[in-house]
Amino acid sequence: MKEPIVQVENVFKHYKQSQGNFSGRDAYVKAVNGVTFSLYEGESFGLVGESGSGKSTIGQVMLQLIQPTSGVVKYKGRDVSTFSRKERKAWRKDVQIVFQDPYSSLNPKKTVGWILNEPLQIHKIGDKSYRKQKIMQTLEEVGLDASYLNRYPHELSGGQRQRVAIASAIILNPELIVIDEGVSALDVSVQAQILNLLKSLQRKYHLTYLFISHDLNVVQYFCDRIAVMYLGELMEIGKTEELGTKPKHPYAEALFSSILMHNEAENRIVLEGDLPNPSNPPAGCPFHSRCIHKMDICKTTKPANQYLGGQHQVSCHLYSENQSIQNA
Amino acid sequence: MRKTKSIPFHIGVGLVGALVVMMLISIFYTPHVPQAMDSANRLAPPSLDHPFGTDNFGRDILSRVMEGSQTAFIIGISSVVIGLVFGFILGACAGYFGGWLDEIISRLMDAMFAFPGILLAIMLIAVFSTGMTNTIIALGIMSIPAFARITRSSFIQYKEYDFVKASIAKGAGSFRIIFHHILPNAISPILVAAALSFSGAILSESGLSYLGLGVQPPEPSWGRMLKEAQPYIDSAPWYVVITGMAITLLVLGFNLLADGLRDKQDKKV
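Residues numbered from 1 in each chain as written. Chains lettered and ligands numbered in written order. Predicted model: local features only at pLDDT ≥ 70, side-chain atom pairs only at ≥ 80, totals over all residues. Heavy atoms only, no water.

### Concerning the side chain of A:Ser213
Residues and elements named next belong to chain A.
Okay, step 1: With respect to the element layout, serine 213 can be found in strand β8 (residues 208–213).
Okay, step 2: Engagement of the side chain of serine 213 in a polar contact is seen with the backbone nitrogen of aspartate 215, the distance being 2.9 Å.
Okay, step 3: Excluding residues within four positions of it along the chain, serine 213 makes contact with Leu47, Val48, Gly49, Lys55, Glu181, Ser184 and Val219. (Helix = DSSP H or I, 4+ residues; strand = E, 2+ residues; numbered from the N terminus. Polar contact = N/O pair within 3.5 Å; in protein donor to acceptor, adjacent residues only side chain to side chain. Contact = heavy atoms within 4.5 Å.)

### What about the pattern of salt bridges?
Okay, step 1: Evaluation of the coordinates by the stated rule reveals 14 salt bridges over all chains.
Okay, step 2: For A:Glu181, the salt bridge goes to A:Lys55, with nearest N and O atoms at 3.8 Å. Taken together, the positions of A:Glu181 in the loop between β7 (176–180) and α6 (188–205) and A:Lys55 in helix α1 (residues 55–62) put the pair 126 residues apart, joining distant regions of the chain.
Okay, step 3: B:Arg262 is the partner of B:Asp259 in a salt bridge, and the nearest nitrogen-oxygen pair spans 3.5 Å. Linking B:Asp259 with B:Arg262, this pair stays in helix α9 (residues 237–268), spanning three residues, or about one helical turn.
Okay, step 4: Since its relative accessible area comes to 34%, B:Arg262 is described here as partly exposed.
Okay, step 5: A single network of salt bridges, built from pairs that share partners, joins B:Glu103, B:Arg107, B:Asp110 and B:Arg149. (Salt bridge = Lys/Arg side-chain N within 4 Å of Asp/Glu carboxyl O. Buried < 20%, exposed > 50% of the residue type's maximum accessible area, 1.4 Å probe, protein only.)

### A word on unusual backbone geometry
All names here are of chain A.
Okay, step 1: Phi is positive for glutamine 64, which is not a glycine, with a value near 60 degrees.
Okay, step 2: Judged by relative accessible area, glutamine 64 falls into the buried class, the value being 6%.
Okay, step 3: The backbone of asparagine 173 sits at a positive phi, close to 50 degrees, despite the residue not being glycine.
Okay, step 4: Mapped onto the elements of the fold, asparagine 173 is located in the loop between α5 (158–170) and β7.
Okay, step 5: For asparagine 173, a relative accessible area of 44% translates into the label partly exposed.

### Topic: a nonpolar patch on the surface
Okay, step 1: Together, B:Val21, B:Leu24, B:Ile25, B:Ile27, B:Phe28 and B:Tyr29 line one region of the surface with nonpolar side chains, adding up to about 650 Å² of accessible area.
Okay, step 2: Mapped onto the fold, B:Val21 is located in helix α1 (residues 7–28). (Patch = residues over 30% accessible without salt bridge, like charges linked within 9 Å, V, L, I, M, F, W, Y side chains within 5 Å. Areas by Shrake-Rupley, 256 points an atom, 1.4 Å probe, with all protein chains shown as cover.)

### A few points about the sheet that holds strand β4 (residues 70–75) of chain A
All names here are of chain A.
Okay, step 1: Strand order in the open sheet made by the four strands is β2-β1-β4-β5, with antiparallel pairing throughout. Here the strands that pair on one side only, and so sit at the sheet edges, are β2 (27–40) and β5 (78–79).
Okay, step 2: Of the strand pairs in this sheet, β4 and β5 are connected by two bridges, and their pairing is antiparallel. Considered in β5, the bridge of tyrosine 75 is made with arginine 78. (Pairing = 2+ DSSP bridges.)

### A few points about the interface of chain A and chain B
Okay, step 1: At the junction of the two partners, chain A supplies 25 residues and chain B supplies 17 residues.
Okay, step 2: Summed over both partners, the interface of chain A with chain B buries about 1800 Å², with 54% contributed by carbon and sulfur atoms.
Okay, step 3: Counting across the chain A and chain B interface gives one salt bridge.
Okay, step 4: With a shortest N-O distance of 3.3 Å, B:Arg176 and A:Glu118 are connected by a salt bridge.
Okay, step 5: The tally of links from chain A across to chain B stands at 13 residue pairs in polar contact (both at pLDDT 80 or more). (Buried area = accessible area lost by both parts, 1.4 Å probe.)

### Thoughts on the confidence of the model for chain B
Okay, step 1: Looking at chain B, pLDDT values average 84 and 97% of them are 70 or higher.
Okay, step 2: Two summary scores accompany this predicted model of the complex, namely pTM at 0.78 and ipTM at 0.82. (pLDDT = per-residue confidence, 0-100.)

### Quick notes on the packing of aromatic side chains
Okay, step 1: Taken as a whole and assessed by the stated rule, the structure comprises 16 aromatic pairs over all chains.
Okay, step 2: Among the aromatic residues, ring-to-ring pairing joins B:Phe88, B:Phe155, B:Phe175 and B:Phe179 into one connected group.
Okay, step 3: For A:Lys110, the ring lying beneath its charged end belongs to A:Trp114, and the centroid distance is 4.4 Å.
Okay, step 4: One cation-aromatic arrangement involves A:Lys199 over A:Tyr221; the distance from NZ or CZ to the ring centre is 4.7 Å. (Phe/Tyr/Trp six-rings, centres within 6.5 Å; stacked < 30°, edge-to-face > 60°. Lys NZ or Arg CZ within 6 Å of the ring centre and 35° of its normal.)

### Structural notes on the packing of α5(A) against α6(A)
Residue and element names in this part refer to chain A.
Okay, step 1: Interhelical geometry of α5 versus α6 gives an angle of 15 degrees and a closest axis separation of 10 Å. Considering the angle they form, α5 stands roughly parallel to α6. With respect to the hand of their crossing, α5 and α6 are arranged in right-handed fashion. Touching Gly159, Gln162, Arg163, Ile166 and Ile170 of α5 are Val190, Gln193, Ile194, Leu197, Leu198 and Leu201, all from α6.
Okay, step 2: A per-class count over the contact of α5 with α6 returns seven nonpolar, three polar and one charged. (Axes fitted to C-alpha atoms, helices over the stretch in contact; angles between N-to-C directions. Parallel < 35°, antiparallel > 145°, perpendicular 65-115°, else oblique. Left-handed = near helix turned anticlockwise from the far one by under 90°. Nonpolar A, V, L, I, M, F, W, Y, C, P; charged D, E, K, R; others polar.)

### What to know about the environment of A:Ser279
All names here are of chain A.
Okay, step 1: Within the secondary structure layout, serine 279 lies in the loop between α9 (250–257) and α10 (296–300).
Okay, step 2: Residues serine 279 and valine 29 lie 250 residues apart in sequence; the distance between their C-alpha atoms is 4.0 Å.
Okay, step 3: Excluding residues that lie within four positions of it along the chain, serine 279 makes contacts with Gln17, Tyr28, Val29 and Lys30.

### Quick look at the sheet that holds β8(A)
Residue and element names in this part refer to chain A.
Okay, step 1: With mixed pairing, the eight strands of this open sheet are ordered in space as β6-β7-β8-β3-β9-β10-β12-β11. Every other strand in the sheet has two partners, leaving β6 (95–98) and β11 (305–307) as the edge strands with one partner each. Taken over all neighbouring pairs, the strand axes of this sheet differ in orientation by 20 degrees on average, direction set aside.
Okay, step 2: Two elements, strand β3 (residues 44–48) and strand β9 (residues 225–230), share four bridges in a ladder whose sense is parallel. Within the sheet, the bridge partner assigned to leucine 47 lies in β9 and is alanine 227.
Okay, step 3: Across the sheet, α5 lies against β6 and β7, angled at about 175 degrees from β6, the strand it touches most.
Okay, step 4: α9 contacts β3, β9 and β10 (233–239) of the sheet and is inclined by roughly 110 degrees relative to β9.

### Concerning the side chain of A:Lys134
Residues and elements named next belong to chain A.
Okay, step 1: For lysine 134, the position within the fold is in helix α4 (residues 128–141).
Okay, step 2: Put simply, lysine 134 is tucked away with no salt bridge, and the nearest opposite charge, on glutamate 141, sits 6.1 Å away.
Okay, step 3: At 3.3 Å, the side chain of lysine 134 forms a polar contact with the side chain of asparagine 173.
Okay, step 4: Excluding residues within four positions of it along the chain, lysine 134 makes contact with Leu120, Ile171 and Asn173. (Lys, Arg positive; Asp, Glu negative; His and termini not counted.)

In C-alpha cells form, the structure reads like this:
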C-alpha cells in the first residue's frame, strides 16, 4: 500500500449551543464524533452521508479552517496543528479546497484574473510575466480562455464559476484537494464535464481528492474508496467496488439500495424516521434507532471498528466476532 | 454597477452638489467681505446689493452663509473621517477576530450608545474647551459606535463566506482577508452610514454652536448665526429663515443621498 498523505485520527468537533435557559449546562452539537481514516496518495476518497452528518466539517478540519475539539490531523506524518507560521503557509500551498456553491466561493467584487493571481501573490511565486503565463495556462487547463480574465463572477455560469474555482485551487500545484460538494449545485451535464475535468487533472498532476458528496451515483463514478458517515461517525470504509456492490453496514446497505435501478426497486430498504438530533445522539450505536437489524447490545455499546479483510472497515455489532457466534 | 432611477437619490446628489459648489466658490469669492460690518445698514431686508439681507451688525447674510458652508463641510468631513477610521478598525477587529476582543469592543460601543450623542459631545467639550478642533474630535468620537457596529456586522456576515475560507485555505493572512475580500463587499453599508453621519454631524455642530459650545467667533457657523438671528425673528425673519434653510438643505441632501445609496444596494441583492 502507498504512503498515507493525510491521517485523520480520532477527530471530534463539538459545537457549543446556547441553551436559552438557566439550567447551567451547555448543550453541544456533536458534528464529528471520533473519526479516523487515512488518505493515500493519488486516490479519490469519497465521503458520503446525509446533510448534517458532519462530512463538510471533516473536510474543513483537515484544512484547519475549523479547529477540532480534539484529535489529530497529520499531513505526511506530521501533526498540522504543530506547524510553525512559516510551515503552515507552505503547507497551505499543498492543500486546497473547492466549495459547493460556486456563487459564494468566488469574491463577487474581483475579476477572474485577480482571483487567479491571488494565490501566486500570496506565495510570492514568479514575476509578473511568469504569473500571467501561469494564469493563462491554468485557465486553458480548466477549459476557459483569456477572454474570462476581466470578467466578474456574476457574468459567468455556474459551470464556468466552478471551473474558475478549480483553476484557483490547482494554480499552486497542490497535492491534495478537498472537493466539498463540488458538483452538487450544477446541472447533470455540467456535473459530468466537471468530474471528467477533475479526473484528467488528477491523472496529469497525481492529485489526491477528498470528495465530499451526498450524491452516491457521483461518488461511485468518481471515487476509488468510499467512507459512509452517519451522525458524525464513520460507519463503513471500503473500496468502491466492494462497498458499492456489497455494503456491510445496515446504514450503508440502505443508502446504496436507494440508488438501485427501477427494476430492482422491491429490494430497496426504506429507513424509518429522521436523523436524530446531533446534540443528543442515541447511546450505543448512533444508527440503532433506525436500524432494521438492531440488537440489544446496539442500544448500550458502541460497536468497535472491524476489519473485514484488507482495507474494508465497518462499525457494526453484526460483524463483531462474539456476535456472529451468537447469531449462528 | 447598475444605474438607478431613484428620484430621492438624484435630489440628494443635486442638493449636496449645489452646496459643494457654493462652498467651493466661497473659498475664492463672496459678494461682500463676510466680516465687514455696516452699522448704517443693520437688519436690512433682501435687496439687489444684499440678496439675503443683512444681520444685526450689517453684515451680508449671503456671504456669511457661503463662508459658513466651509465650516459645515470641514466639520462634517473631518468628524466622519475620524468616526469612520476608528469605527472601522474597532468593528473590523471585533467582527473578524471575535471572542473576547469582540466582547470588549462591543460592550464599549454599547456604553457609548447609551449616552445621547450630543451629551457626550458637550461633556467632551466641557473637558477640552470649545473650538473647531475640539468640536470635530467630539463629533468624531460620537459617530464611532455607529460605524463600528455596521462594520462588525458586515465582517461577521462575510467572514463565513466560502470565498473567504477559500482564500484562508490558500494561505492569505488577516490583512489580505480584511482589505481585499471583506472590505470591498462591506463598503456600501459603510458609505450609507457615512452619509447619515455627515448630516448628523452638521446638525450636532449647529446645535452645539447654537448653545455657544461649538465653533467660536470669528469663524462663521450656521448654528451660531441661528442663535444670533433669534432675537430679531420678528423684525428680520429672513435672517432666521435663510440660515435655517441652509442647514436643512444640507442635512436633507445627505439624508436623501444615504437613502438612495441604501436603495441601490438593496436592489442589487
